[in-house]
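The chain contents come next:
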Amino acid sequence: MYRRGVIALLLLLLSLPTLAQSRWKVIPTVGLQVTALPRFREASPLAGYKAGGMVRYQVRQGDLGRLGIESGLFLNDIGAVRSGAGDYRQPGIEIPLLFNFDINLTSRVNSYLRIGAYYRKDLSKDLGSVPGGIGFQVGCGAEYRNWVVSVDGLIGTHPLNVDGERRREKMAGTALTVGYSF
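Residues numbered from 1 in each chain as written. Predicted model: local features only at pLDDT ≥ 70, side-chain atom pairs only at ≥ 80, totals over all residues. Heavy atoms only, no water.

1. Some points on the nonpolar core
Move 1: Counting residues in each nonpolar core, the largest one holds 10 residues, listed as Leu 37, Phe 40, Ala 43, Ile 78, Ala 80, Tyr 118, Leu 154, Leu 160, Met 171 and Ala 175.
Move 2: Listed by contribution, the elements that provide at least two residues to this core are β3 (66-82), β7 (147-162) and β8 (165-180). (Core = buried A, V, L, I, M, F, W, Y, C linked by side-chain atoms within 4.5 Å. Buried < 20%, exposed > 50% of the residue type's maximum accessible area, 1.4 Å probe, protein only. Helix = DSSP H or I, 4+ residues; strand = E, 2+ residues; numbered from the N terminus.)

2. A closer look at empty space enclosed by the protein
Move 1: In total, this model carries 1 cavity of 30 Å³ or more according to the counting rule given.
Move 2: Within this model, the largest cavity holds a volume of roughly 100 Å³.
Move 3: Elements represented by at least two residues in the lining of the largest cavity include exactly β1 (24-36), β2 (43-61), β3, β5 (109-122), β7 and β8. (1 Å grid on protein atoms, 1.4 Å probe; cavity = no way out; pocket = protein on both sides within 12 Å on 5 of 7 lines; lining within 4 Å. Points joined across faces, edges and corners; volume = space filled by probe spheres on them.)

3. Section: the packing of aromatic side chains
One pair of aromatic rings is described through two measures. These are the centre distance and the angle between the planes.
Move 1: Applying the stated rule across the entire model yields 3 aromatic pairs.
Move 2: For the pair Trp 24 and Tyr 57, a centre-to-centre distance of 4.8 Å together with 50 degrees between the ring planes defines the contact as tilted. In this pair, Trp 24 sits in strand β1 while Tyr 57 sits in strand β2, placing the two residues 33 residues apart along the sequence.
Move 3: Judged by relative accessible area, which is 32%, Trp 24 ranks as partly exposed.
Move 4: With relative accessibility at 28%, the residue Tyr 57 sits in the partly exposed group.
Move 5: A centroid spacing of 4.9 Å and a plane angle of 75 degrees characterise the contact between Trp 147 and Tyr 180, whose relative ring orientation is edge-to-face. On the criterion of sequence distance, the pair formed by Trp 147 in strand β7 and Tyr 180 in strand β8 is long-range, its members being 33 residues apart.
Move 6: The class of Tyr 180 is partly exposed, set by a relative accessible area of 29%.
Move 7: Put simply, the rings of Trp 147, Tyr 180 and Phe 182 pair up and form one aromatic cluster.
Move 8: Just above the ring of Phe 74 sits the side chain of Lys 50; from NZ or CZ to the centre is 4.9 Å.
Move 9: The positively charged end of Arg 56 is found above the aromatic ring belonging to Tyr 112, 4.6 Å away from the centroid. (Phe/Tyr/Trp six-rings, centres within 6.5 Å; stacked < 30°, edge-to-face > 60°. Lys NZ or Arg CZ within 6 Å of the ring centre and 35° of its normal.)

If you want it as structure tokens, here you go:
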């Protein structure tokens, strides 16, 4: 089921540039995500990956800039590193729904702010059928020609397998991603 969903979304993302108007953008991205579990004060943040793609739709264009909606699909991992106890690493799929405000700084450079929520489903077999987590995301970025760089802050509550027991934990993180806009 998971594979079919990912394949269907990838096919949709690949077909959008051929069908798209100037209002649509498809942005495959890859980057670094650093997360921490605030409850474990002795734990260090965990550096992990974040890779996937965004679809951005321009809803309205005004004198100051453009308003849009973004959504996508990302593979990433969250967790923390505890000295002597190993690390808690949970791979998962993240689906954000963000509102963005895009401003043209020059003819080649855009900047944007975005804010919204995301849903995260963990892929770890340790969790069995534990429901996914939700969170809040805020970020900013810049686009030069077609290259996109963004920094996002994430705060959420996610199911984790900590010390052999399944429970929900608060998570805070930062993601730095680079992508190319089609």
